[in-house]
Amino acid sequence: NFRQQIKLLYILNGIESKSGTATEKSYKNTTAARIRKVFGSGSRIAKLSDEEINELKKDDEAFFNFVYKGRIGNTDEGDGYKYRGRGGVQLTGRSNYENITKILNKNGIDIDLVANPELAADPRYSASILIAFSEHRGMFDPNHKRYISPEDIEDIKKGDIAAIDKLHEIKN
């Protein structure tokens, strides 16, 4: 139900905070070790030397294109940078921008995140994108393994560590 979705929205992200409009901008001041941790040990960037990472991160566009090339539906040259993380859920990858656009359009929100990816960081759409992303991830479907039940929401509000861990696992 919509009320549960709104509760989940606030629990997930604190949409009123500045994180709801953030765009993944730069890793220029991030250490190579931290970059490897952020993108995971199996990522393409994890295989680079510190020197190679330090050289790559000097150019934001080249960095994101390298990191996200061929992943999450990014198929065209420049997709990695164009569809880098934006908004409260850090929506990343062409296929996620496509899927969320379809869900939003189906629910009467007429925007095209694929053609206008910067809208994913627009505060006017933060709440809608968060709900669409949660729907896309199965959080509202009682038959889905990622379902967050009303009981889970109450447990999260009480600070139950197991429920919070479940939420973090699903969100990521």
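Model, not experiment: these values are computed from the prediction. (Residues numbered from 1 in each chain as written. Predicted model: local features only at pLDDT ≥ 70, side-chain atom pairs only at ≥ 80, totals over all residues. Heavy atoms only, no water.)

## What to know about the overall build of the protein chain
- Per the secondary structure count, the protein chain includes nine helices and zero strands.
- Counted from the first residue to the last, the protein chain has its helices and strands arranged as α-α-α-α-α-α-α-α-α.
- Within the protein chain, the proportion of its 172 residues that are buried is 45%.
- In the protein chain, the proportion of contacts linking residues at least 24 apart, taken out of those at least 6 apart, comes to 49%.
- As displayed, the protein chain has an accessible area near 9600 Å², and 48% of this comes from carbon and sulfur atoms. (Helix = DSSP H or I, 4+ residues; strand = E, 2+ residues; numbered from the N terminus. Buried < 20%, exposed > 50% of the residue type's maximum accessible area, 1.4 Å probe, protein only. Contact = heavy atoms within 4.5 Å. Areas by Shrake-Rupley, 256 points an atom, 1.4 Å probe, with all protein chains shown as cover.)

## Things to note about helix H8 (residues 150-157)
- All of the buried residues in H8 are Asp152, Ile153 and Ile156. Here the buried residues of H8 occupy an arc of 100 degrees about the axis, which is enough to place them on one side. (Arc of directions from axis to C-beta.)

## What about the side chain of arginine 84?
- Topologically, arginine 84 is positioned in the loop between helix H5 (79-82) and helix H6 (94-106).
- As a buried residue without a salt bridge, arginine 84 has its nearest oppositely charged side chain in glutamate 24, at a separation of 6.1 Å.
- Within the structure, arginine 84 has its side chain in polar contact with the backbone oxygen of tyrosine 81 (distance 2.7 Å).
- Arginine 84 has contacts with Thr23, Glu24, Phe64, Tyr68, Leu91, Thr92 and Tyr97, leaving out every residue within four places of it along the chain. (Lys, Arg positive; Asp, Glu negative; His and termini not counted. Salt bridge = Lys/Arg side-chain N within 4 Å of Asp/Glu carboxyl O. Polar contact = N/O pair within 3.5 Å; in protein donor to acceptor, adjacent residues only side chain to side chain.)

## Section: the environment of asparagine 105
- Along the chain, asparagine 105 turns up in helix H6.
- The exposure class assigned to asparagine 105 is partly exposed, which follows from its relative accessible area of 36%.

## Observations regarding the packing of aromatic side chains
- In total, this model carries nine aromatic pairs according to the counting rule given.
- Taking the centre distance of 6.0 Å and the plane angle of 65 degrees together, the rings of phenylalanine 39 and phenylalanine 63 count as edge-to-face. With phenylalanine 39 in helix H2 (residues 32-39) and phenylalanine 63 in helix H4 (residues 60-68), the pair connects residues that are 24 residues apart, well separated along the chain. You'll find phenylalanine 39 and phenylalanine 63 in the same group, each marked buried. (Phe/Tyr/Trp six-rings, centres within 6.5 Å; stacked < 30°, edge-to-face > 60°.)

## A word on the pattern of salt bridges
- By the definition in use, this model includes eight salt bridges.
- Ionic pairing is found between lysine 28 and aspartate 60, a salt bridge with its closest N-O pair at 3.7 Å. Linking lysine 28 in the loop between helix H1 (2-13) and H2 with aspartate 60 in helix H4, this pair joins segments that are 32 residues apart in sequence.
- According to the relative accessible area criterion, lysine 28 is partly exposed, its value standing at 41%.
- Across the pair aspartate 76 and arginine 94 runs a salt bridge whose closest N-O atoms are separated by 3.2 Å. Placement of the pair is aspartate 76 in the loop between H4 and H5 and arginine 94 in helix H6, with a sequence separation of 18 residues.
- The class for aspartate 76 is partly exposed, based on a relative accessible area of 43%.
- Each of Asp76, Asp79, Arg94 and Glu98 takes part in salt bridges that share partners, so that together they form one network.

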